[in-house]
Amino acid sequence: MAKLNINGKSLTLTVDGDTPLLWVLREQAGLTGTKYGCGIGLCGACSVHINGDVQRSCTILVKDVKPADKIVTIEGLSPRGDHPVQKAWLALDVPQCGYCQSGQIMAAAALLKRKPKPTDTDIDEAMTNVCRCGTYQRIRAAVHQAATNTNAAIGNGNKA
Amino acid sequence: MIDLKSTSRDVSRRRFLISSAAAGGGLALGLRLPGVRNAFAQNGAEGHEVGAWVFIRPNDEVVIRIARSEMGQGTLTGLAQLVAEELDCDWKKVKTEYPTPGQNLARSRVWGDMSTGGSRGIRGSQEYVRKGGAVAREMLIQAAANQWKVPAVECKAEAGSITHTPTGRKTTYGKVANAAAQLEPPKDVKLKDPKDWKIIGKPLARLDTADKLTGKQVYAIDVKLPGMLNASIMDAPVFGAKVKSYDEAKAKAMPGVRHVLRVGETAVAVVADTWWQANQALKALNIVWEESPNDKVSSESIRELLQQGLDAKEGVFIGNKAGDAPQAIGNAAKKIDAVYFAPFENHFTMEPMNCTALVTADRCEVWGATQNAEGALAAAAEAAGLHPSKCDVHKLHLGGGFGRRGRQDYTTKAVLIAKQLHGVPIKLIWSREEDMRQCSYRPVGLCKLSAGLDDKGDLIGLHMRIAAPSILASAAPNRLDSDGRDSAAFQGLNPVGAEARLGYAIPNLLIEHAIRNTHVPVGFWRGVNTNQNAIWLESFIDEVARAASKDPLEFRRQLLANSPKHLAVLNAVADRIGWGTPPGPGVHRGVAQFMGYATYCAGAAEVSVNERGKLKVHRVVIAIDSGYAVNPQQVAMQTEGSVAFGLGAMRYQECTVSNGRMVQENLDTYPMVLMDDFPKVETIVMPSGGFWGGVGEPTISVAAPAVLNAIHAATGSPFRSLPLKNARLQKA
């Protein structure tokens with residue numbers, strides 16, 4: 001049994017505490033926007049926000065998440081897919097296959113919350129997610145564009 | 001394998017299934033939608049099919065059928081542009097849908113080939129999909145003309161509207177679609193002159209972006225069906241070894257576990273309520289495989305096999321021959337020799353292999369990410385033991401393909417599991433580790449090169465001997481030549497042809513492939529043989545140019561004098577990178593050119609190597625002439641992706657073999673290019689017209705050699721053994 005706060009909703013799920021948060025999100029909570037890529041915390045496809053920080057959910061056991069911890073997934077980042085990062089990604093047509101992009105967007109949103117005007121070096125350090133299609137150049141441009149278009153409203157989305 | 005081409009069946013009894021994201025993220029199962037003649041069900045609304053490629057709704061929305069697979073390469077948008085151009089519809093009202101291979105089969109393959117590989121998605125179907133758009137336009141115009149009782153020639157179509165020119169009367173596609181659908185499609189239609197294109201050739205936004213930004217896009221790994229169970233599988237780590245024993249009782253006692261099943265002779269799967277439970281139980285099985293003759297194979301033993309191939313007389317095939325290269329080199333004023341090496345590589349698609357299957361006594365349905373929907377249908381039918389007409393494949397967007405998803409082994413395995421559990425949908429997901437162990441790898445290879453220069457420093461002879469496994473022998477043996485030659489091995493090195501011709505004119509030339517197969521399956525990896533062939537040849541050409549004391553660019557220009565298209569892309573990158581002007585402090589440049597997939601490519605790179613031997617790739621310029629560029633923005637994105645793919649392999653990646661098994665199982669040992677080491681990539685899209693080349697793969701060939709040649713300039717030494725991480729770079 002686990003009590004989780006996901007995208008502003010409290011959920012009680014029947015699940016073994018040793019299950020990684022990624023699989024609880026995907027298989028129990030039905031939130032499949034968070035992706036399985038490597039399972040060892042290196043690719044970043046499973047990135048979510050926990051209390052505003054970006055975390056790789058494949059390496060976090062659900063028993064280590066407290067009921068009060070606010071988890072935000074790609075589905076909860078913004079009510080209508082209109083977070084400045086999502087808007088910049090759309091404007092620059094960033095994705096190719098798109099599989100890693102939920103994680104890329106979550107990482108970028110967390111970066112901009114911490115550093116509203118990131119430099120290229122900031123982006124290099126914060127954006128360590130793998131994109132096998134090689135959209136890095138467009139991701140970098142989109143982070144800068146989102147930073148330009150970001151106002152005080154940028155945050156963790158959805159009441160979180 | 002059942003021949004799909006020879007099979008057809010009654011169209012009216014087709015059974016449609018609701019599938020994909022349009023159903024709101026949940027897939028309803030087996031829902032019949034009777035009464036919608038010739039219409040696809042999955043988009044819900046009424047409408048009319050006007051020719052096979054176009055479906056028009058009363059609200060003027062145009063649904064374009066896409067037979068090929070979208071795996072990130074933008075083909076879905078490009079194919080829609082081709083149809084929309086000739087259809088003269090309103091681009092803002094364009095939607096797309098995938099016909100299933102079952103529907104294709106039932107309609108005598110009206111949508112043609114569904115496979116998506118070899119950078120053929122657009123070039124292989126451009127003519128008939130454009131005709132599909134033109135046919136629909138003519139039918140819509142005719143329907144409007146009939147309604148107005150005027151000659152069709154007095155009517156014209158533009159942006160989804162039809163106007164009767166003399167009277168100014170107007171109607172829309174949505175209003176006449178029903179009448180148009182009743183008409184006989186015209187046999188002959190005239191395609192537009194490329195100079196009149198308004199949609200083709202424009203950098204339009206992709207049609208499939210929005211859902212990828214919100215988590216809504218349903219990939220195959222996200223499919224959920226009512227009553228579905230989840231499976232994880234482990235196949236023999238030594239390819240082909242048979243299962244000997246496993247601890248079924250221990251796995252079965254674990255939470256959520258429903259079944260432990262044999263899958264063929266070599267694999268075992270666990271089926272559980274959730275995938276995580278299935279995968280945990282799989283690890284507890286402690287599967288033991290029988291001894292195999294390949295248990296002792298290692299990277300070292302494979303290298304010995306290849307080494308032997310470099311000088312052997314048997315199992316050697318010729319790809320290109322002119323004059324007498326060995327003799328010319330033997331008599332040359334100066335002789336240059338080198339041996340290059342490239343390792344096995346894995347595709348590492350971000351979405352691991354997976355497939356969902358439902359099998360009953362008389363039906364098999366699969367939901368999957370495949371580069372070859374008809375291949376998946378054939379694989380499903382064979383595994384289920386059913387005729388293909390009783391099977392279908394529901395295709396979802398691919399979380400990466402790069403050639404891996406042309407092979408249908410994961411489809412076969414999902415069906416073999418589901419077949420043991422009739423009526424229960426089974427989603428099989430490979431763990432990343434399984435995905436790394438069970439690939440069709442880019443082949444390992446050695447290449448020995450010898451060149452002869454005359455006393456003026458001109459190249460008078462080149463001998464290139466490749467020793468490597470044959471991709472066709474492993475993945476498509478029916479495509480080998482009758483004598484066993486693998487023609488694909490000479491990609492980019494061929495004497496003639498529009499597909500992949502060597503641009504250099506060398507009077508004495510011998511290019512050979514010693515086929516040396518191992519037990520490791522090899523297959524099509526983005527760029528296929530152009531990768532190694534270009535690295536070997538283009539790195540060596542720099543070595544030869546240096547030995548001749550010539551500028552590598554000028555040396556190439558001289559050899560390409562009779563290959564104007566090869567030369568044009570090379571000149572374009574040289575101009576853009578500023579060849580001949582001083583680079584920044586510590587920065588060194590390299591160039592390369594190559595042809596593959598009927599497309600001409602060149603690359604130029606700027607790199608620096610610091611005092612500690614650390615490499616920085618600053619900038620890569622790539623020029624691509626694919627004849628036509630349907631969407632230049634997508635061409636640029638494919639080029640950027642090819643640079644990332646090519647440089648990742650060149651710098652960091654190798655799959656090695658120990659005790660018959662693939663060693664690298666995840667990103668900790670198989671690292672990728674990340675944001676911080678991705679160079680600035682500039683793409684010069686320079687379509688010269690008159691031919692249709694591929695886009696997804698060709699530019700990968702020049703990325704690595706351009707950078708390797710720049711490293712050679714920076715360090716003063718060639719790097720002949722990949723990946724680079726195994727070498728120590730030293731600033732010159």
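Residues numbered from 1 in each chain as written. Chains lettered and ligands numbered in written order. Predicted model: local features only at pLDDT ≥ 70, side-chain atom pairs only at ≥ 80, totals over all residues. Heavy atoms only, no water.

**Re the pairing of strand S18 (residues 426–429) of chain B**
All names here are of chain B.
Piece 1. The side-chain alternation of S18 yields two buried faces, one formed by Ile426 and Leu428 and the other by Lys427 and Ile429.
Piece 2. With three bridges joining them, strand S8 (residues 229–235) and S18 adopt parallel strand pairing. Across the sheet, asparagine 230 pairs through a bridge with lysine 427, a residue of S18.
Piece 3. The pairing of strand S15 (residues 354–360) with S18 spans four bridges and is classified as antiparallel. (Buried < 20%, exposed > 50% of the residue type's maximum accessible area, 1.4 Å probe, protein only. Helix = DSSP H or I, 4+ residues; strand = E, 2+ residues; numbered from the N terminus. Pairing = 2+ DSSP bridges.)

**Focus on the domain arrangement of chain B**
Residues and elements named next belong to chain B.
Piece 1. The domains assigned to chain B are domain 1 (44–193), domain 2 (220–292 + 353–429) and domain 3 (299–345 + 441–726).
Piece 2. One C-alpha centre belongs to domain 1, the other to domain 3; they are set 41 Å apart.
Piece 3. Each partner contributes residues to the interface: domain 1 has 14 residues there, and domain 3 has 14 residues.
Piece 4. Run the count over domain 1 and domain 3 and you get one salt bridge.
Piece 5. In this structure, glutamate 499 engages arginine 123 in a salt bridge whose closest nitrogen and oxygen atoms are separated by 2.9 Å. (Domains from an automatic or database assignment. Contact = heavy atoms within 4.5 Å. Salt bridge = Lys/Arg side-chain N within 4 Å of Asp/Glu carboxyl O.)

**Quick notes on the nonpolar core**
Piece 1. In terms of nonpolar packing, the biggest core is built from 157 residues, with Trp89 of chain A together with Phe344 of chain B touching the most fellow members.
Piece 2. By residue number, the principal contributor to this core is helix H17 (residues 700–715) of chain B, which donates ten residues.
Piece 3. Not counting residues up to four positions away in its chain, the partners in contact with tryptophan 89 of chain A are Val94, Pro95, Gln101, Gln104, Ile105, Ala108, Ile139, Ala142 and Val143 of chain A together with Leu213 of chain B.
Piece 4. The next biggest cluster of nonpolar side chains, apart from the first, holds 51 residues, and it includes Ala52, Ile64, Ala143 and Val176 of chain B. (Core = buried A, V, L, I, M, F, W, Y, C linked by side-chain atoms within 4.5 Å.)

**Things to note about the environment of asparagine 508 of chain B**
Residue and element names in this part refer to chain B.
Piece 1. Positionally, asparagine 508 belongs in strand S21 (residues 508–515).
Piece 2. Given the relative accessible area of 17%, asparagine 508 is considered buried.
Piece 3. Taking the C-alpha atoms as reference points, asparagine 508 and leucine 449, 59 residues apart in sequence, are found 13 Å from one another.
Piece 4. The residues contacting asparagine 508, other than those within four sequence positions of it, are Ala322, Gly323, Asp324, Ala325, Ala328, Ile460, Gly461 and Leu462.
Piece 5. Side-chain polar atoms of asparagine 508 contact the backbone nitrogen of aspartate 324, separated by 2.9 Å.
Piece 6. In terms of polar contacts, asparagine 508 uses its side chain to reach the backbone carbonyl oxygen of isoleucine 460, at 2.9 Å. (Polar contact = N/O pair within 3.5 Å; in protein donor to acceptor, adjacent residues only side chain to side chain.)

**Considerations on the pattern of salt bridges**
Side-chain pairing between opposite charges can occur once the charged atoms of the two side chains come close.
Residue and element names in this part refer to chain B.
Piece 1. For the coordinates displayed, the defined rule picks out 54 salt bridges over all chains.
Piece 2. With its nearest N and O atoms 3.8 Å apart, the salt bridge here joins aspartate 337 to lysine 335.
Piece 3. By relative accessible area, aspartate 337 is classed as partly exposed at 43%.
Piece 4. The salt bridge involving glutamate 682 is made with lysine 680; its shortest N-O contact spans 3.2 Å.

**Side note on the packing of helix H16 (residues 632–651) of chain B against H17 of chain B**
Residue and element names in this part refer to chain B.
Piece 1. Running from N to C, H16 and H17 point in directions that differ by 50 degrees, and their axes come no closer than 8 Å. Classified by the angle between their axes, H16 and H17 sit oblique to one another. Judged by the twist between their axes, the crossing of H16 over H17 is right-handed. From H16, Ser642, Val643, Phe645, Gly646, Leu647 and Met650 reach across to H17, where they touch Ile700, Ala703, Ala704, Val707, Leu708 and Ile711.
Piece 2. Broken down by class, the residue content of the contact of H16 with H17 amounts to ten nonpolar, two polar and no charged. (Axes fitted to C-alpha atoms, helices over the stretch in contact; angles between N-to-C directions. Parallel < 35°, antiparallel > 145°, perpendicular 65-115°, else oblique. Left-handed = near helix turned anticlockwise from the far one by under 90°. Nonpolar A, V, L, I, M, F, W, Y, C, P; charged D, E, K, R; others polar.)

**A look at empty space enclosed by the protein**
Residue and element names in this part refer to chain B.
Piece 1. The final tally for this structure, using the stated rule, is ten cavities of 30 Å³ or more.
Piece 2. The wall of the largest cavity is formed by Pro443, Val444, Gly445, Ile466, Ala468, Pro469, Ala489, His513, Asn529, Gln532, Asn533 and Trp536.
Piece 3. Among the secondary structure elements, those contributing two or more residues to the lining of the largest cavity are strand S20 (459–468) and helix H13 (529–547).
Piece 4. Broken down by element, the residue count for the lining of the largest cavity peaks at four residues, all from H13.
Piece 5. Classifying every residue of the lining of the largest cavity gives seven nonpolar, five polar and no charged. (1 Å grid on protein atoms, 1.4 Å probe; cavity = no way out; pocket = protein on both sides within 12 Å on 5 of 7 lines; lining within 4 Å. Points joined across faces, edges and corners; volume = space filled by probe spheres on them.)

**What about the side chain of aspartate 454 of chain B?**
Residue and element names in this part refer to chain B.
Piece 1. Structurally, aspartate 454 is set in the loop between strand S19 (445–453) and S20.
Piece 2. Within the local environment of aspartate 454, its side chain forms a polar contact with the backbone nitrogen of aspartate 458, the two atoms lying 2.8 Å apart.
Piece 3. The contacts of aspartate 454, once residues within four sequence positions are left out, are Ala333 and Ile460.

**Some words on the sheet that holds strand S22 (residues 588–596) of chain B**
Residue and element names in this part refer to chain B.
Piece 1. As summarised here, the arrangement of the four strands in space is S22-S23-S24-S27, forming an open sheet in which the pairing is mixed. The outermost strands of the open sheet, each flanked by one partner alone, are S22 and strand S27 (680–685). The average angle at which neighbouring strand axes cross in this sheet is 15 degrees, direction not considered.
Piece 2. Both strand S24 (residues 615–625) and S27 contribute to a ladder of six bridges, which runs parallel. In the strand pairing of S27, alanine 623 is matched with isoleucine 684.
Piece 3. Sitting on the sheet, H16 is in contact with S24 and S27, with an inclination near 135 degrees to S24.

**A few points about the domain arrangement of chain A**
By a widespread convention, an interface's size corresponds to the accessible area lost as its parts come together.
Residue and element names in this part refer to chain A.
Piece 1. Considered domain by domain, chain A is made up of domain 1 (2–76) and domain 2 (84–149).
Piece 2. Each of domain 1 and domain 2 was reduced to a C-alpha centroid, and the two centroids are 21 Å apart.
Piece 3. Listed as interface residues are 16 residues of domain 1 and, on the opposing side, 13 residues of domain 2.
Piece 4. When domain 1 packs against domain 2, the two sides together hide about 1100 Å² of surface, and 59% of this comes from carbon and sulfur.
Piece 5. Per-residue buried area on domain 1 facing domain 2 is highest for Lys35, His49 and Ile74; these three make up 38% of the total on that side.
Piece 6. One can count zero salt bridges joining domain 1 with domain 2.
Piece 7. Of all elements in the fold, only strand S3 (47–50) and strand S4 (53–56) reach the threshold of two or more residues within the side of domain 1 that touches domain 2. (Buried area = accessible area lost by both parts, 1.4 Å probe.)

**Details of the environment of threonine 274 of chain B**
Piece 1. Among the secondary structure elements, threonine 274 of chain B is positioned in the loop between strand S11 (267–272) and helix H6 (275–284).
Piece 2. The spatial distance from the C-alpha of threonine 274 of chain B to the C-alpha of valine 620 of chain B is 45 Å, given a sequence separation of 346 residues.

**Describing the interface of chain B and chain A**
Piece 1. Counting from both sides, the interface comprises 56 residues of chain B and, opposite them, 49 residues of chain A.
Piece 2. With both chains or domains summed, chain B and chain A bury close to 4300 Å², and 59% of this area falls on carbon and sulfur atoms.
Piece 3. If you sort the residues of chain B by the area they bury against chain A, Leu213, Met350 and Met675 of chain B come out on top, with a joint share of 21%.
Piece 4. Taken together, the links from chain B to chain A amount to three salt bridges.
Piece 5. Measuring nitrogen to oxygen at the nearest pair gives 2.9 Å for the salt bridge that ties aspartate 222 of chain B to arginine 26 of chain A.
Piece 6. For the interface between chain B and chain A, the tally reads 24 residue pairs in polar contact (both at pLDDT 80 or more).
Piece 7. Breaking the side of chain B that touches chain A down by element, the ones donating at least two residues are H6, helix H11 (432–437), H16 and S27 of chain B.
Piece 8. Top element by residues in the side of chain B that touches chain A is H16 of chain B. It accounts for nine residues.

**Concerning the environment of alanine 144 of chain B**
Residue and element names in this part refer to chain B.
Piece 1. With respect to the helices, strands and loops of the structure, alanine 144 is situated in helix H3 (residues 126–148).
Piece 2. Along the backbone, alanine 144 and valine 176 are 32 residues apart, and their C-alpha atoms lie at a distance of 6.2 Å.
Piece 3. Excluding residues that lie within four positions of it along the chain, alanine 144 makes contacts with Ile162, Thr171 and Val176.

**A short note on helix H10 (residues 409–418) of chain B**
Piece 1. A large share of H10 of chain B lies buried, amounting to eight of its ten residues.
Piece 2. Considered for burial, the residues of H10 of chain B that qualify are Asp409, Tyr410, Thr411, Lys413, Ala414, Val415, Ile417 and Ala418 of chain B.

**Looking at the state of the cysteines**
Piece 1. In this structure the tally under the stated criterion is zero disulfides over all chains.
Piece 2. Here cysteine 133 of chain A is not cross-linked by a disulfide; its sulfur's nearest cysteine counterpart is in cysteine 97 of chain A, at 3.8 Å.
Piece 3. Free of any disulfide, cysteine 355 of chain B has its nearest cysteine sulfur in cysteine 364 of chain B, 8.3 Å distant.
Piece 4. A relative accessible area of 1% places cysteine 355 of chain B in the buried class. (Disulfide = S-S within 2.5 Å.)

**Remarks on the sheet that holds S11 of chain B**
As a general point, the strands of a sheet are linked pairwise by backbone hydrogen bonds and lie either parallel or antiparallel.
Residues and elements named next belong to chain B.
Piece 1. With mixed pairing, the seven strands of this open sheet are ordered in space as S10-S11-S8-S18-S15-S16-S17. Edge positions in the open sheet fall to strand S10 (257–263) and strand S17 (391–395), since each of these has one partner strand only. Averaged over all pairs of adjacent strands, the angle between strand axes in this sheet comes to 20 degrees, irrespective of strand direction.

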